[in-house]
Each structure stands twice: as structure tokens, then as C-alpha cells.
Amino acid sequence: MTIDSPAIDKAINEASAKGGGVVWCPRGTYASYTIHLRSNVTLYLDRGAILLAASVPLEGTTSGGYDLAEPQDPNINAFQDYGHNHWKNSLIYGENLHDVSILGEGMIWGKGLSRGHADPDLPKAELPGVGNKSIALKNCVNVQLRDFKILKGGHFALLATAVDNLVIDNLMVDTDRDGFDIDCCKNVRVSNCTVNSPFDDAICPKSSFALGYARTTENVTISDCYVSGCYIVGSVIDGTFKRYPEHKAYHTGRIKCGTESNGGFKNITISNCVFEGCQGLALETVDGAILEDITVTNIAMRGITSAPLFLRLGRRMRGPAGTPIGSIKRVLIDNITSSGASLLPSIIAGVAGHPVEDIKISNLFLQQLGGGDAASALVQVPAKEDAYPEPGMFGALPATGFFVRQAQNLEMNHVEIATLDADARPAFWLQDVDGFDASFLKVPSGAPNFALDRVNNFRTFGSVTVPDKRFDAVTSVSF
């Protein structure tokens, strides 16, 4: 019942005044509002310690509660969702810090935090005194987050903006919005984490305009993590792994670069990760960012509810006027297996005059749901160049394995497409593609292997079920 954040803040300030130290929270439950981190200080949550985000009235409060959010900046407000450019209204907050850590085997329970949605039992995030993030960090360097758990983390379990030399290791997050939003950060290591986030993204590098300028997210590794979107929130932490009924979860829970994409993504590796009951891997730039030098290796996916792979270059352009359209180039995807996926194929899509470039995909097995009829093989797909990027944005698609539009220099080797039910759609549908080189393909029987429309420099070879073909230029052909 006691609000303990003043006592925790006092201990943090005393440690800081002495040059640093560890603030230890032993076993117990600590109801708190905003806690303020300091440089050279570690907040240690011991096993059995619960840092509880205290509740505020549904109408908010004019005194007490969480720190007030930063004033709205009219120059950048239109470029952001509310949660992305506010940090102070959080359970744990730090800005302009160095050498700071949150460690231990305890738990953060965001019970009183707003999710940023219209929940009848939680206040709106925009109201005074309301918190909507478990941990928010801005303009920090040398940060470590290790070993603890987060249950119901609010809109963001972690919002890290312009945090460099960031280590996130062995966290377990069971939440009903975003897990980790890693925004405009450099030199980041995410490893050995479990994130169940049925209603939003699990691990999400972003490059927003929240700082008032574009900053690249770069030198990021995400490895040995498990992400899911199918389990009832709380049942992963307690080990019961209870599944939501299909109609009660969005099954998001994925790893995604985007959707905010003003500053760019460079030098990112994603490896040795498992996806379950969620959307697939997404690499997106729609606000003018450059996305380049990305490697994705050793990924196992099961029960993917949308496209297993989604590479999207668009022109939503939510940012300052005059920003040029971005680019996707130099992406390597290798050793991927996906089973029990949806009707949607994997998607690689640019916009007119701005193709997705230099993509190499190898050692890929995609088991799709199948069931598409002859009419779905002929569907005309809208461009939607300025739309919010989501795998379902185009509606039904005329392919079982890959839908590719506006791409250049695409190579595929040792790729197999399988369907659980017979499907009349071609395995590969290509439009406005310059440079497609494929070998050792396996595709379902009973439907065309390829449907090509305005494709140049096309070659397939060395496959048992796909004939060797070469076209310097073709307007429209199926085979």
C-alpha cells in the first residue's frame, strides 16, 4: 500500500552522490510511481522482489502519480505516435546518463500502466499523472539490463531512444503491447531473451524522429531469443503457456525493423531466434530511411499468422517535408524454416522507381497453409505506396511462396515452398523485377512455378521441379 518510489529515489541519489553503487531491493513488493535512475548506479531487483507500477485514477491526477510527460513539440509531434516521444511518464526513467544498470532476478509488474489503448480499467496515457512505460531511457551510454522479468509492461516494456552501448540479456517479458523498442540506438546487444507480446511487436529496432532529428539505429545484434504472440499474458512467466483463443489475440509478437523509419538501419544481425504463433520477420522503411547491411540467419518459425518474410520499401514519408524516399539494399537471409504459416506468401516490395535491391536468400523452407483458388491467382494487387506497412496491407496475393514487386538483383538458392492444401497460385509471382537468379528450388505441383510480369535478366537452373529458364526481358509469362 505504501508508495516506495521516494525511498528508492533517495537511495539512488545517495549512491550517486558518493560516486555510484548498487541500490538493492530485497524480496518484497514495492508499489511505485516514477523512479529516477542516475549515472554509475545499479538498481538491483533481488529474487522475489516485485517493482509494482502503482495505479492512478481513471481520470488521471493533478498531484502525485507518475512524472508528467514532456510538453508536445509541434515540430515533431505529427511524425510520432504519442508514446514514442515521451519518456518521463514511466515507472523507471533515465536521461543523459552513463554507466547505469538494472539487474537481478526480480520482476517489474506494470499493473497500473496505461497501454495506450482504450482500456476500460486503465487511464488514458495522455492524462496527467499517468505512466505508460516500464523503462524509458533517452540519450544514455553504457546501459545494462539483465536477468529480470517484466509482466504487463504498459505501452512499452522498454523504450530506449539514443541509447548507445546497450546490453539487454536474459530478460523474460510477458506483455500486452511492445516488448523492446530500440530507437535511434547504436552498438546494441540483445541476447537470450523471451518476449511474449500477443498484441504488439516483441523486439523492434526503430529509427524515429522523436529526437527532433534523424538518427540511425546501427551495429545491432539480436541473438538466441524466443518471441511469441499466442500465449495468454502472464502464462509464459508462470510457465503454464496457456494459448489465447484464436479470436482474442492479434498474434503479433515478432522481430521487426520499423515501422518508424526516419533515421535508418545499418549493420544489423538477427540470428538463432525462434518465432511462435506470431507474425514473421519484418524489415521496413517507409519514412525515408536507408536499411542496409542486414543479415538474418538460423531462424525457426512455427504458426506464422502473416508473411514469414516481409521486406517493404514504401513512401509513407511521415517526417520533414522534402525527405527523399529511402532504400533497402544488401540483405542476406539464410537457414530459415517456417511451418504452418498463413495464406500470405513472403513479400518483397518496393515502389515505382525505388526497388528493393541486392537481396540474397538461401536454405529456406516455407510450409504454407495453401488453399488458394484459381481466382486468387489472378488478383490485381494495389500499390498502396503510402500506406502503413503490414503484411496484410495488399489483401489477397497471387502467390504461395513469394510475392515480389519492384526489386533488383534478387538471388535465391536452395529454397523450398510447400503447401498443406493444394493451391492454384504460382509459387513465385514477380513484377517489375530486374535481375532474378535462382537455383535448386522445390515448389508444389499442380500450379505454375512462376508468374512473370515485366521481368528482366531472369534465370532458373539446377532444380528438379522447376525447369531451367533464361529471359533477358519478358513482358508476361507463366511456366
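Quick look at the structure, then. Predicted, not measured: the structure shown is a model, and the values here were computed from it.

## Let's talk about the overall build of the protein chain
When helices and strands are tallied, the protein chain shows 1 helix and 30 strands. In terms of principal-axis extent, the alpha carbons of the protein chain reach across some 75 × 50 × 40 Å. Residues classed as buried in the protein chain amount to 60% of the 479 residues present. For the protein chain, contacts bridging at least 24 residues in sequence account for 68% of all contacts bridging at least 6. Total accessible area on the protein chain stands at roughly 17800 Å², and carbon and sulfur atoms take up 51% of it. Each charge sign in the protein chain was given a centre, from 41 positive and 52 negative side chains, and these centres are 1 Å apart.

## Description of the side chain of Thr216
By the secondary structure assignment, Thr216 is in the loop between strand 16 (203-206) and strand 17 (217-223). Ignoring sequence-local partners within four residues, the contact set of Thr216 consists of Cys184, Cys185, Lys186, Gly263, Gly264, Phe265 and Lys266.

## Quick look at the nonpolar core
Phe180, Phe402 and Phe428 are the most contacted members of the largest nonpolar core, which totals 109 residues. Among the elements that line this core, the one with the most residues is strand 27 (residues 402-421), at 7 residues. In contact with Phe428, other than residues within four places in its own chain, are Phe402, Met412, Val415, Ile417, Leu441, Val443, Asn449, Phe450 and Ala451. Core analysis: the next-biggest nonpolar cluster, separate from the first, contains 14 residues, Ala282, Ala307, Ala349 and Phe394 among them.

## As for the layout of surface pockets
Size it by volume and the largest pocket reaches roughly 380 Å³. Taken together, 21 residues make up the lining of the largest pocket; nearest its centre are Ala377, Leu378, Gln380, Trp429 and Ala451. Counting only elements with at least two residues in the lining of the largest pocket, the list comes to strand 28 (428-442), strand 29 (450-461) and strand 30 (469-478). With 4 residues, the top contributor of residues to the lining of the largest pocket is strand 29. Of the residues belonging to the lining of the largest pocket, the class tally is 15 nonpolar, 4 polar and 2 charged.

## Concerning the environment of Gly229
Following the sequence through the fold, Gly229 ends up in the loop between strand 18 (226-228) and strand 19 (256-257). The contacts of Gly229, once residues within four sequence positions are left out, are Asn196, Ser197, Pro198, Ala249, His251, Thr252, Gly253, Glu276, Gly277 and Cys278.

## Quick look at the pairing of strand 17
In terms of burial, strand 17 is largely enclosed, as 5 of its 7 residues are buried. When strand 14 (residues 186-191) meets strand 17, the two strands line up parallel, connected through 5 bridges. Within the sheet, the bridge partner assigned to Ser191 lies in strand 17 and is Ser223. Inspection of the sheet shows strand 17 paired to strand 20 (residues 265-276) by 6 bridges, in the parallel sense. Note that in strand 20 the partner of Thr217 across the bridge is Phe265.

## Section: a nonpolar patch on the surface
On the surface, Leu343, Leu369 and Leu420 cluster together to form a nonpolar patch covering roughly 260 Å² of accessible area. Examined against the element boundaries, Leu420 turns out to sit in strand 27. For Leu420, a relative accessible area of 48% translates into the label partly exposed.

## Here we look at the state of the cysteines
What the rule picks out here adds up to 0 disulfides. Here Cys184 stays unpaired: no disulfide links it, and the sulfur of Cys185, its closest cysteine neighbor, is 7.1 Å away. Cysteine Cys204 shares no disulfide, and the gap to the nearest cysteine sulfur, in Cys257, comes to 7.5 Å. Take Cys204: its relative accessible area is 0%, and that puts it in the buried class.

## Describing the environment of Phe199
Secondary-structure assignment places Phe199 in the loop between strand 15 (194-196) and strand 16. On the basis of relative accessibility, which here comes to 18%, the residue Phe199 falls in the buried class. Residues Phe199 and Thr175, spaced 24 residues apart in sequence, show a C-alpha to C-alpha distance of 8.3 Å. Those residues in contact with Phe199, other than ones at most four positions away along the chain, are Arg115, Asp176, Tyr244, Lys248, Ala249, Tyr250 and Thr252.

## A look at the packing of aromatic side chains
Considering all chains together, one arrives at 17 aromatic pairs under this definition. Judged by centre distance (5.0 Å) and plane angle (80 degrees), the ring pair of Tyr33 and Tyr66 falls under edge-to-face. Highlighted residues: Tyr33 in the loop between strand 2 (28-32) and strand 3 (35-36) and Tyr66 in the loop between strand 5 (49-53) and strand 6 (92-95), separated in sequence by 33 residues. Between the aromatic rings of Phe199 and Tyr250, the centroid separation amounts to 6.0 Å while the plane-to-plane angle is 80 degrees, which identifies the pairing as edge-to-face. Of this pair, Phe199 sits in the loop between strand 15 and strand 16 while Tyr250 sits in the loop between strand 18 and strand 19, and the two are 51 residues apart along the sequence. Among the residues examined, Tyr250 registers a relative accessible area of 64% and is labelled exposed. Sitting over the face of the ring of Phe479, Lys469 holds its NZ or CZ atom 5.5 Å from the ring centroid.

## Describing the environment of Cys257
Structurally, the position occupied by Cys257 is in strand 19. Through-space distance from the C-alpha of Cys257 to that of Phe156 is 16 Å; in sequence the pair is 101 residues apart. Excluding residues that lie within four positions of it along the chain, Cys257 makes contacts with Pro205, Phe265, Ile268, Ala282, Leu283, Glu284 and Leu291.

Basis of the calculations
Throughout, residues of each chain are indexed from 1 in the direction in which the sequence is written. The predicted origin of the model limits local features to residues at a pLDDT of at least 70 and limits the giving and counting of side-chain atom pairs to 80 or more, whereas totals for whole chains, interfaces and linings rest on all residues. Side-chain measures were taken over the full set of non-hydrogen atoms in the model, leaving aside hydrogen atoms and water. Note on conventions: DSSP H or I runs of at least 4 residues are helices, E runs of at least 2 residues are strands, and numbering of each starts at the N terminus. Relative accessible area decides the class of each residue, using a 1.4 Å probe on protein chains only: under 20% of the type maximum gives buried, over 50% gives exposed, and in between gives partly exposed. The criterion used for residue contact is that any of the two residues' heavy atoms lie within 4.5 Å. Note on areas: these come from Shrake-Rupley sampling with a 1.4 Å probe, and a residue is covered only by the protein chains present in the view. The charge count treats Lys and Arg as positive and Asp and Glu as negative. His and the chain ends do not count. All charge positions are set by atom: Lys at NZ, Arg at CZ, Asp at CG, Glu at CD. For the purposes of this section, nonpolar cores are sets of buried Ala, Val, Leu, Ile, Met, Phe, Trp, Tyr and Cys residues that join through side-chain atoms within 4.5 Å. For each structure, a 1 Å grid was placed over the protein atoms alone; sets of points admitting a 1.4 Å probe that cannot get out are labelled cavities, open sets with protein on both sides within 12 Å along at least five of seven lines are labelled pockets, and lining residues have an atom within 4 Å of a point. Grid points are joined across faces, edges and corners, and a volume is the space filled by probe spheres set on the points. Lys, Arg, Asp and Glu make up the charged group, whereas Ala, Val, Leu, Ile, Met, Phe, Trp, Tyr, Cys and Pro make up the nonpolar group; the residues left over, Gly among them, are polar. When DSSP finds at least two bridges between two strands, those strands are taken to pair. Without a salt bridge and with relative accessible area above 30%, a residue can belong to a patch; like charges are then joined within 9 Å and nonpolar side chains (Val, Leu, Ile, Met, Phe, Trp, Tyr) within 5 Å. Here a salt bridge means any side-chain nitrogen of Lys or Arg lying within 4 Å of a carboxyl oxygen belonging to Asp or Glu. Criterion for a disulfide: a pair of cysteine sulfur atoms within 2.5 Å. Pairs were defined over the aromatic rings of Phe, Tyr and Trp, the Trp ring being its six-membered one, requiring ring centres within 6.5 Å. Orientation was assigned from the angle between planes: stacked under 30 degrees, edge-to-face over 60, tilted for the rest. Whether a charge sits over a ring comes down to the Lys NZ or Arg CZ being within 6 Å of the ring centre and within 35 degrees of the ring normal.

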